[in-house]
Amino acid sequence: MFGIRMVNALRLGPPLLAGFAMLMAACAPAPATAPTSAPTTAPKPAATTAPAAASTTAPPTVAPTTAPASAKPTTAPAAPAPTSAPTALPAGTSPEALTANKPVDTAAFKKNPPWKLAISAGYLSNSWVVFAQQYAKYEASIHPEFAKDIVVTDANFNATKQVADIEDLLNRGVDAIVYWPVDDKAIEPVLEKAIAKGIPTVNVGGGYLDAPGVVSNAYIDQYLLGEAVAKRMAEVLNGKGQIISMLPIAGTTAAVDQDKALKDVLKNYPDIKLLDTQNGDWNRAKAKSITENLLQKYQKIEGVFSPAGQMSIGMAEAFEEAGRLQGVKFSPGDEYNGWLKYIAKHPDINTGIVTFPPSAGRTGVQQMVKILMGQPVTKGIQVPSVFIKLEDVAKAAEMDRPDDWWSSADLPEEFKPKS
Amino acid sequence: MTVAITVQAQPSTGRERPASLLGTTRSFVERRAIWLVLLVLIGCAGLLSPVFLNPINLFNIVRQSAVVGIASIGVTLVMITRGVDLSVGAVISLAAVLGAAVMGGQDGNVAQAVAMTLLVGTLVGAINGLLIALRGLPPFILTLGMAVAVQGSNLLYTGGTAYGVVAPGYRDVVNQRLGPVPLLVLIFAAVLLVGLLIQNGTLFGRRLYLVGGNPEAARLSGVNVSRTLFLAYTCSGFTAALAGLVLLARSGVSSNFAGQGYEFDALAAVVLGGTTFEGGKGGIGGTLAGVLILLVAFNLVNILGLNFNAQLVLKGSIIIGAAALYRLAQRRD
């Protein structure tokens, strides 16, 4: 009885859901999250994609379910060649791309400087969004049209608070709002209110949403990212071997798209056998525990599909401790510094990096500048994931920085977080 | 263990079970029932997967359980007093981040980092204890508030990215194996042993049961209730910080929220192990079984290779099933 009361108080959710969530949390050794609550509790780069997760569930018109399967194999160009310099991944084949190129009329938002910029953060509790925020501030700083003071609000994963935050921002008379959502649906009405007042909104959380309340999105395409990661892994394995796959929180766009991308790619590689797919929730400790268990189950694991560097580290450590690091190749992960540092020390297991750039924050502000100047923009601007070949990974790794850090060479030192 | 139970029964005012031989025997079986459940679960797991009983796998399970297990020891002490400590998850996060920050990637700073981290964790526990013991604040809401405040301090301190670099030597040492036995397993065992000694071999341990069983009676019989509560929460802060240091060793630091959710894991393990919200009974021994049940469930669903959704259903079922079996075993007696 007390237990249930307590859970209610903590989760602030419907009692059943809360009870279930606790049960699930209880059975994992690492912070586990019930999939139902995923978008709001995603701990890590999770954050970056949590918004995306919300997007898919928001307007049914946005995510055409038929497009990807047929469109992808034919239109998606080959994975970046491992020998090339950093290469932008191909664009234009994901579900998002179908509406992302839609032009947006920005005439109603044109206004004279100084512009008062606001950042409405759905949360500021993971390193990726902290970097995205810093990129946004940096970009704003190089446009004199923006007023010096940037208002930042943090909803701390509380969708209701984000609604209130944005209402406050409207009352304070800001001129432009960049944001990343806790829950797209929850803030849609208040975003529409902003637009009605002539205040443009740009989503910079990495997700994509085609809705009336969003003028434009700076987004990262999870399917393309997963596809590039899978192709690179398949190439390095020479098209054969037994692999395991580690995905983020079940049900998020990141997990769904990456999984689909992997399976689509594997159709062309019949000799690669996917032994197991697990959800490590962007949690290094959890990914490590799961991998320890899988290493007991499978005597031979030759490849690992893990697009999130943060989980790749935990997995690689499990392989290392089991003395099996020699026999395995890891797929590219992202530019999470802990993973870059790990690869710098163990270059033989890796296959390069496919970035998940926090510079989405910067791209979003650039988009906002155009909007405020009344220039035409599109509904979405893709922040390209970039392939970094193995030789260059060690250069990107910042060995003296914390693990919980993002490679960000183009972000000036004074804008970097504390380290 | 039986000593504690007998003492516990003495000051009870009839509401508690009588201090008879029967009562003692009953509690003995009650306490062992959870182990029976664990054995049944392990037996089933062994039948379902040949890999499960592989010694390396079993050691892995114990090693994976070290973080929750160590934190659960302090939580058990608190819950014996009818309290609860929801701040352990936040303290684990803080400890992992603070430990790495003080280490600054240098092996020379490890001792300082460990000392500092344990001190801060203990201090958080002590503040919990002081406010509960002296001001009589309800532990549930106080420790919940403390969790929020600690998490906030952590974010303020780090500025949003988990600031700090763990010393490589620290991880190498703590993660090593002595023969087939991971050092983490031995650390866990040592903390467990100390916890059992405190619980069963000290005056403080016996007072925990007195206070939890009937605080008023405990006070009337001359027990310093405030001091006992204070010490219990202080212990919980200490073990949570220790758990954070273990997490830091096991997985490095990668998040300000590394400990998120552990308060629920610990709570589930403690309650599953027979230390209830009513206080006055249970103990660390049962908690160990509770922790292992949770971790065996986690290991088993991985080893069976179920898909994620089926995993959740099975994990949930194992926990409910374990609780039900446990009840059944208690009733039968």
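Thresholds applied
Residues numbered from 1 in each chain as written. Chains lettered and ligands numbered in written order. Predicted model: local features only at pLDDT ≥ 70, side-chain atom pairs only at ≥ 80, totals over all residues. Helix = DSSP H or I, 4+ residues; strand = E, 2+ residues; numbered from the N terminus. Buried ≥ 20, exposed ≤ 12 C-beta atoms within 10 Å, placed from the backbone. Contact = placed C-beta atoms within 7 Å. Nonpolar A, V, L, I, M, F, W, Y, C, P; charged D, E, K, R; others polar. Pairing = 2+ DSSP bridges. Domains from an automatic or database assignment. Axes fitted to C-alpha atoms, helices over the stretch in contact; angles between N-to-C directions. Parallel < 35°, antiparallel > 145°, perpendicular 65-115°, else oblique. Expected span 1.5 Å × (residues − 1). Bend = angle between axes of the 7 residues up to and from the residue. Core = buried A, V, L, I, M, F, W, Y, C linked by C-beta atoms within 7 Å.

Caption draft 1: Broad picture of the overall build of chain A. Broken down by element type, chain A carries 16 helices and 15 strands. Burial analysis of chain A (419 residues in total) assigns 61% to the buried set.

Caption draft 2: Representation of the overall build of chain B. In terms of regular secondary structure, chain B is built from 15 helices and two strands. Of all 333 residues assigned to chain B, the portion counted as buried reaches 56%. Within chain B, contacts between residues separated by at least 24 positions form 79% of all contacts whose residues are at least 6 apart in sequence.

Caption draft 3: Representation of the interface of chain A and chain B. Each partner contributes to the interface: chain A provides 48 residues, whereas chain B provides 53 residues. For the side of chain A that touches chain B, the secondary structure elements donating two or more residues are helix 1 (2-11), helix 2 (15-27), helix 7 (127-141), strand 9 (272-279), helix 12 (284-297) and helix 13 (309-321) of chain A. In terms of residues, the side of chain A that touches chain B owes the most to one element, helix 12 of chain A, which gives ten residues. Its residues assigned to classes, the side of chain A that touches chain B comprises 25 nonpolar, twelve polar and eleven charged.

Caption draft 4: Spatial organisation of the pairing of strand 5 (residues 176-180) of chain A. Residues and elements named next belong to chain A. Judged by how many residues are buried, strand 5 sits mostly within the fold: five of five residues are covered. Residues Ala 176, Val 178 and Trp 180 of strand 5 are buried on one face, and the alternating residues Ile 177 and Tyr 179, pointing to the opposite face, are buried as well. Bridge analysis of strand 3 (residues 117-121) against strand 5 gives five bridges, and the strand direction is parallel. Bridge pairing in strand 5 links Ala 121 to Trp 180. In the sheet, strand 5 pairs with strand 6 (residues 201-206) via three bridges, with the strands oriented parallel. Within strand 6, the residue paired with Tyr 179 across the bridge is Asn 203.

Caption draft 5: Representation of the environment of Val 191 of chain B. Residues and elements named next belong to chain B. Among the structural elements, Val 191 can be located in helix 9 (residues 183-201). Distance from Val 191 to Ile 70, taken between C-alpha atoms, is 6.9 Å for residues 121 residues apart in sequence. Sequence-distant contacts of Val 191, that is, excluding residues within four places in its chain, are made with Ile 70, Ile 73 and Leu 242.

Caption draft 6: Quick look at the domain arrangement of chain A. Residue and element names in this part refer to chain A. Partitioning chain A into structural domains gives domain 1 (2-30), domain 2 (67-88 + 222-354) and domain 3 (97-221 + 357-386 + 407-415). The C-alpha-based centres of domain 2 and domain 3 are spaced at 31 Å. Among the secondary structure elements, those contributing two or more residues to the side of domain 2 that touches domain 3 are strand 1 (87-88), helix 10 (222-236) and helix 14 (337-345). By residue number, the principal contributor to the side of domain 2 that touches domain 3 is helix 10, which donates five residues. Tallied by class, residues from the side of domain 2 that touches domain 3 come to nine nonpolar, four polar and one charged.

Caption draft 7: Broad picture of the packing of helix 4 (residues 66-80) of chain B against helix 9 of chain B. Residue and element names in this part refer to chain B. At a closest axis distance of 10 Å, the pairing of helix 4 and helix 9 adopts a crossing angle of 10 degrees. One finds that helix 4 runs roughly parallel with respect to helix 9. Facing helix 4, whose interface residues are Ala 66, Gly 69, Ile 70, Ile 73 and Leu 77, helix 9 presents Leu 184, Ile 187, Phe 188, Val 191, Leu 192, Gly 195 and Gln 199.

Caption draft 8: Structural context of helix 4 of chain B. Residues and elements named next belong to chain B. Taking 1.5 Å of rise per residue, the 15 residues of helix 4 would be expected to cover 21 Å, and the 21 Å separating its terminal C-alpha atoms lies within 8% of that figure. The largest bend along helix 4 reaches roughly 30 degrees and is located at Ile 73. Most of helix 4 sits inside the fold, with 15 of its 15 residues counted as buried. After helix 4 finishes, the residue Arg 82 shows a positive phi value of roughly 75 degrees.

Caption draft 9: Representation of the nonpolar core in the model. Residues and elements named next belong to chain A. Counting residues in hydrophobic clusters, the biggest one holds 108 residues, and the most contacted among them are Ile 177 and Val 178. Among the elements that make up this core, the one with the highest residue count is helix 7 (nine residues). Per-domain counts for this core show at least three residues from each of domain 2 (67-88 + 222-354) and domain 3 (97-221 + 357-386 + 407-415).

Caption draft 10: Representation of the sheet that holds strand 4 (residues 151-154) of chain A within the structure. Residue and element names in this part refer to chain A. Across the sheet, which stays open at both edges, the six strands sit in the order 4-3-5-6-7-14 with parallel pairing between neighbours. Since the sheet does not close on itself, it has two edges, and those belong to strand 4 and strand 14 (380-382), each with one partner. Across this sheet, the average inter-strand angle for adjacent strands is 20 degrees, counted without regard to direction. Bridging between strand 7 (residues 216-219) and strand 14 involves three bridges; their strand directions are parallel. Across the sheet, residue Asn 217 finds its bridge partner in strand 14, namely Gly 380. Sheet strands touched by helix 7: strand 3, strand 5 and strand 6. Its angle to strand 3, the strand with the most contacts, is close to 175 degrees.

Caption draft 11: Local environment of the sheet that holds strand 11 (residues 329-330) of chain A. Residue and element names in this part refer to chain A. Read across the open sheet, the four strands follow the order 9-8-10-11; overall the sheet is parallel. Both edges of this open sheet fall to strand 9 and strand 11, since each of them pairs with a single strand only. Where strand 8 (residues 241-247) lies against strand 9, seven bridges are found, and the strand directions are parallel. Counterpart to Gly 241 in the pairing with strand 9 is Ile 272. Contacts from helix 10 reach strand 9, strand 10 (303-305) and strand 11 within the one sheet, and its direction differs from that of strand 10 by about 175 degrees.

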